[in-house]
Amino acid sequence: MIVRNLDDIEGTKRDVAWGNGRSRRFLIKADGVPYSLTDTIVKAGTSSFLQYRNHIETCYCISGKGRVRNAITGEEHVIVPGTMYALDKNDPHDLIADEEDLRLVCVFYPGLNGDEVHDLTSKELSSAY
């Protein structure tokens, strides 16, 4: 059994600044499970182009307000507490946090190594994701 508290993760190597926020990684590949679980904060007023080429991601909003936009079709969805979205086709997308921080609980399959970060300076992302 694995039991962790957010206080156990903050300020450790599992607390990863990814550019426009923080990913607190409760479960990673090294924990011996086939998926990862994160508590992710997206900073208010930011827009991040993201794509996970090697992972499927599902997110559940627990606070804040934002939007997720399909970078190919332009289709956009509002994200508020209680909203889930799944990037089931490795969808390139823009994640936008509106006037307050967006907080998401995210599951990645397969599991993250734990040290992955985004390069938000371009539309090309690390192949680690």
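Residues numbered from 1 in each chain as written. Predicted model: local features only at pLDDT ≥ 70, side-chain atom pairs only at ≥ 80, totals over all residues. Heavy atoms only, no water.

**Quick look at the layout of surface pockets**
(1) Moving on: The volume enclosed by the largest pocket comes to roughly 150 Å³.
(2) Moving on: Lining of the largest pocket is provided by Val68, Arg69, Asn70, Glu75, His77, Tyr85, Ala86, Leu87, Asp88, Asp91 and His93.
(3) Moving on: Where the lining of the largest pocket is concerned, the elements lending two or more residues are strand 6 (66-70) and strand 8 (84-87).
(4) Moving on: Residues that form the lining of the largest pocket fall into these classes: four nonpolar, three polar and four charged. (1 Å grid on protein atoms, 1.4 Å probe; cavity = no way out; pocket = protein on both sides within 12 Å on 5 of 7 lines; lining within 4 Å. Points joined across faces, edges and corners; volume = space filled by probe spheres on them. Helix = DSSP H or I, 4+ residues; strand = E, 2+ residues; numbered from the N terminus. Nonpolar A, V, L, I, M, F, W, Y, C, P; charged D, E, K, R; others polar.)

**Quick notes on the state of the cysteines**
(1) Moving on: Applying the stated rule across the entire model yields zero disulfides.
(2) Moving on: Looking at Cys59, it has no disulfide partner, and the nearest cysteine sulfur is the one in Cys106, 3.3 Å off.
(3) Moving on: Residue classification places Cys106 among the buried residues on the basis of a relative accessible area of 2%. (Disulfide = S-S within 2.5 Å. Buried < 20%, exposed > 50% of the residue type's maximum accessible area, 1.4 Å probe, protein only.)

**A closer look at the sheet that holds strand 9 (residues 93-97)**
(1) Moving on: The four strands are arranged 4-9-6-7 in an open sheet whose pairing can be described as antiparallel. The strands lining the two open edges of the sheet, one partner per strand, are strand 4 (47-50) and strand 7 (76-79). This sheet shows a mean twist of 20° between the axes of neighbouring strands, independent of strand direction.
(2) Moving on: Across five bridges, strand 6 lies against strand 9 in antiparallel orientation. Following the sheet pairing, Asn70 is matched in strand 9 by His93. (Pairing = 2+ DSSP bridges. Axes fitted to C-alpha atoms, helices over the stretch in contact; angles between N-to-C directions.)

**Here we look at the side chain of Asp39**
(1) Moving on: Structurally, Asp39 can be placed in strand 3 (residues 36-42).
(2) Moving on: Side chain to side chain, Asp39 and Arg103 meet in a polar contact 2.5 Å long.
(3) Moving on: With sequence-adjacent residues up to four places away left out, Asp39 is seen in contact with Leu6, Arg22, Ser23, Arg24, Phe26, Arg103 and Leu104. (Polar contact = N/O pair within 3.5 Å; in protein donor to acceptor, adjacent residues only side chain to side chain. Contact = heavy atoms within 4.5 Å.)

**Thoughts on the confidence of the model for the protein**
Parts of the model with low pLDDT should not have their predicted coordinates read in detail.
(1) Moving on: For the protein, the average pLDDT comes to 90, and 90% of its residues sit at 70 or higher.
(2) Moving on: Segment residues 124-129: pLDDT under 50, and 24 contacts once partners within four positions in sequence are set aside and those in other chains are kept. (pLDDT = per-residue confidence, 0-100.)

**Quick word on the packing of aromatic side chains**
(1) Moving on: Enumeration over the complete set of coordinates arrives at one aromatic pair.
(2) Moving on: Relative to Phe108, the ring of Tyr52 lies with its centre 5.3 Å away and its plane at 85°, an arrangement referred to as edge-to-face. One end of the pair, Tyr52, is in the loop between strand 4 and strand 5 (56-63); the other, Phe108, is in strand 10 (residues 102-109), with 56 residues separating them in the sequence. As far as the burial class goes, Tyr52 and Phe108 line up, both buried. (Phe/Tyr/Trp six-rings, centres within 6.5 Å; stacked < 30°, edge-to-face > 60°.)

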